[in-house]
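# Fold and geometry: a report
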Amino acid sequence: MSDPSRPPALARAPLPETADVVIVGGGIMGLATAWNLARLSDKPLRIVVIERGYLCGGASGRNGGGIRAQWASETNIRLMKRSIAICADFATRMRINVWFRRGGYLFLARTEERAKQLAASAELQRSHGLPTRIVDASEVRELVPDLDVSRVVCASWNPDDGVVFPWPFVWGYARAAIGLGVSLHTHTAVEDLVTEGKRVVGVVTARGVVRAPRVLVCAGAWSPTITRRVDVELPSKPHRHEICSTEPLKPFLRPLVGDLQNGLYFSQSMRGEIVGGISNERVPEGLDQKSSARFLGLYARALSQAMPILGHVKILRQWAGCYDLTPDGNPLCGEVDEAPGLFLMSGFMGHGFMMAPIMGELFARHLLFDEERELFERWNLRRYREGKLLSESMILG
Amino acid sequence: MSKIIVCRCEDVTLHELDEAIAAGHRDLESVKRFTGFGTGYCQGKQCVALCARMLATRGGEAAAMPITPRPPFHPIAVHKLAALVEDEDEDDRRPR
């Protein structure tokens, strides 16, 4: 029954012809950056965000919502500590329910070698003020009573990590950005980049050209297809990652459980569903978001071995998204030397969602006030040209 | 106004559908994500057609309809799905 007093669907706003910054990609990275730029700038900035599909259509809407500060590298620990603080405050600040549940992250070690790595990482995390502890099998059992701990050597436990529902983060940033005058255009594909010599000065879309002195590519696994328009080859590659969700259950599982051996991870969302995935190297190359029966088999087998009580729980749906993997496990951020005016916030290894709240702010501060030089130097694409690669060993999925 | 349910699994009302449209969501995938319709036990088998029609009559875009269906077709227990892989099928996880 339609109510004639209600407004019809909104008409599409025309695309501006010029802007100060154009952001390619309306995922959480692009939207968080847009909002922070608009909020922090001393003078009004004309910011345009262009998204090829609908909001939450890419990895920002397809991830498992894990938010953690347990990392093996100092940079990731420091950044994620701040990102979690932003997440914890997000609902109040943005006035949207993000279903944030701080149940902790429990990383299982099944070999002595892995146990040593986790112990070293936990030590580093504690030196940054995190409460991470190495717990033995009996304590693992106290945290997750139904887990089979017979092959568990020990685990790394940080009670302050958590899970969120990803979608409201995207809408929260989008709404707040629009409220500050950001021009957001969904269902608009960027087809090419406008150049003057080597310099990038705008984007060509199916709906017209937007000229801007700064073009920021936050397109995740699609970023290489954008930069390739100006012959900038990124070292990152798309990698299909699958995930699934069960029927809702009463709350019983406190932490997100991660097994660095086979890449299995699972947690219980605020809706009660068990959401999880597993590492799967043998997937089609390139941009692919199809689901496979093999994934369900791999995941179900590993899950029922890790936690036999879940064997009778039903899986309701599965889906897939694209990780944006770099060879050294670290992102590609900042201006591209070969194409001045072209900036990247990409290659986040499947962790872009949890990193976006802090990275959006730091990129804005970098662009506006030249802050965070060390970080944007460290994560710049030029490290690949100069052979100075980085590392990170705590990567799930 | 009485409540009109458009998605029984997730208790989504027509009012919520209208709110999603008023918030600027014009395509069915966006409205699905904003309201949560079609994400419950039936995975949209009972509600997609109705929600699509409601959106279309309110000026929404019909181009991207219906939503991407998500396997499995019916809910299946984890222990049954575990039998989908061969015993020797171990994914060689490389450190990244």
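Residues numbered from 1 in each chain as written. Chains lettered and ligands numbered in written order. Predicted model: local features only at pLDDT ≥ 70, side-chain atom pairs only at ≥ 80, totals over all residues. Heavy atoms only, no water.

## Looking at the pattern of salt bridges
- Within this structure, the stated rule accounts for 25 salt bridges over all chains.
- Here Arg271(A) makes a salt bridge to Glu10(B), at a shortest N to O gap of 3.5 Å. Within this pair, whereas Arg271(A) is found in the loop between strand S15 (264-268) and strand S16 (274-277), its partner Glu10(B) is found in the loop between strand S1 (5-7) and strand S2 (12-13), the two belonging to separate chains.
- According to the relative accessible area criterion, Glu10(B) is partly exposed, its value standing at 30%.
- Put simply, Glu377(A) and Arg382(A) hold a salt bridge, and the shortest N to O gap is 2.6 Å.
- We classify Glu377(A) as partly exposed; its relative accessible area is 43%.
- Through salt bridges with shared partners, a single network forms among Arg240(A), Glu242(A), Asp288(A) and Lys290(A). (Salt bridge = Lys/Arg side-chain N within 4 Å of Asp/Glu carboxyl O. Helix = DSSP H or I, 4+ residues; strand = E, 2+ residues; numbered from the N terminus. Buried < 20%, exposed > 50% of the residue type's maximum accessible area, 1.4 Å probe, protein only.)

## Considerations on helix H3 (residues 48-56) of chain B
All names here are of chain B.
- Those residues of H3 that sit buried are Val 48, Cys 51, Ala 52, Met 54 and Leu 55. In an axial view of H3, the angular spread of the buried residues amounts to 160°, which keeps them on one side of the axis. Counted as exposed and oriented over 90 degrees from the buried face of H3: Ala 49 and Arg 53.
- Buried residues belonging to H3 abut S1, helix H1 (14-22) and helix H2 (28-35). (Arc of directions from axis to C-beta. Contact = heavy atoms within 4.5 Å.)

## Notes on the packing of aromatic side chains
Residues and elements named next belong to chain A.
- In this structure the tally under the stated criterion is 13 aromatic pairs over all chains.
- Pairing Trp 35 with Tyr 173 gives two aromatic rings, centres 5.8 Å apart and planes at 55°, and the pair type is tilted. Of the two residues, Trp 35 sits in helix H1 (residues 28-40) while Tyr 173 sits in helix H5 (residues 166-179), which places them 138 residues apart along the sequence.
- Residue class for Trp 35 comes out buried when judged on its relative accessible area of 10%.
- Residue classification places Tyr 173 among the buried residues on the basis of a relative accessible area of 1%.
- Taken together, the ring pairs in this structure connect Trp 35, Phe 90, Phe 169, Tyr 173 and Phe 353 into an aromatic cluster.
- Across the ring face of Trp 35, the terminal group of Arg 39 is positioned such that the distance to the ring centre comes to 4.7 Å.
- Looking at Arg 68, its charged tip hangs above the ring of Trp 71, at a distance of 3.8 Å from the centre. (Phe/Tyr/Trp six-rings, centres within 6.5 Å; stacked < 30°, edge-to-face > 60°. Lys NZ or Arg CZ within 6 Å of the ring centre and 35° of its normal.)

## A closer look at the side chain of Ser156(A)
Residues and elements named next belong to chain A.
- On the secondary structure map, Ser 156 appears in strand S6 (residues 154-158).
- Owing to a relative accessible area of 1%, Ser 156 belongs among the buried residues under this scheme.
- Within the local environment of Ser 156, its side chain forms a polar contact with the side chain of Gln 70, the two groups lying 2.6 Å apart.
- Among residues more than four places away in sequence, those in contact with Ser 156 are Gln 70, Tyr 105, Leu 106, Phe 107, Leu 118, Ala 122, Thr 132, Arg 133 and Ile 134. (Polar contact = N/O pair within 3.5 Å; in protein donor to acceptor, adjacent residues only side chain to side chain.)

## Comments concerning the interface of chain B and chain A
- Contact residues are listed per partner, giving 47 residues for chain B and 55 residues for chain A.
- When chain B packs against chain A, close to 4,400 Å² is buried across both sides, 54% of that on carbon and sulfur atoms.
- Taken together, the links from chain B to chain A amount to one salt bridge.
- Our enumeration of links across chain B and chain A arrives at 11 residue pairs in polar contact (both at pLDDT 80 or more).
- For the side of chain B that touches chain A, the elements supplying multiple residues, two or more each, are H1, H2, strand S3 (76-77) and helix H4 (78-81) of chain B.
- Looking at which element gives the most residues to the side of chain B that touches chain A, the answer is H1(B), with five residues.
- The residue makeup of the side of chain B that touches chain A, split by class, is 18 nonpolar, 11 polar and 18 charged.
- As paired elements, strand S17 (residues 314-325) of chain A and S3(B) share two bridges and run antiparallel to each other. Bridging from a neighbouring strand, Lys314(A) pairs with Ala77(B) of S3(B). (Buried area = accessible area lost by both parts, 1.4 Å probe. Nonpolar A, V, L, I, M, F, W, Y, C, P; charged D, E, K, R; others polar. Pairing = 2+ DSSP bridges.)

## Some details on the sheet that holds S15(A)
- The strand order S5(A)-S6(A)-S4(A)-S14(A)-S15(A)-S16(A)-S13(A)-S17(A)-S3(B) describes an open sheet built from nine strands, whose pairing is mixed. The open sheet is flanked by strand S5 (133-136) of chain A together with S3 of chain B, the only strands paired with a single partner.
- In this structure, strand S4 (residues 105-109) of chain A lies alongside S6(A), joined through five bridges in antiparallel fashion. In the strand pairing of S6(A), Ala109(A) is matched with Cys154(A).

## Considering the domain arrangement of chain A
Residues and elements named next belong to chain A.
- Domain parsing of chain A yields domain 1 (21-61 + 167-236 + 328-386) and domain 2 (101-160 + 237-324).
- Spacing between the C-alpha centres of domain 1 and domain 2 amounts to 30 Å.
- Taken residue by residue, the interface counts 14 residues in domain 1 and eight residues in domain 2.
- The junction of domain 1 with domain 2 conceals about 910 Å² of combined surface from both sides, 55% of it contributed by carbon and sulfur atoms.
- Among the residues domain 1 hides against domain 2, the three largest losses belong to Ala 221, Trp 222 and Ser 236. Together they make up 49% of the total. (Domains from an automatic or database assignment.)

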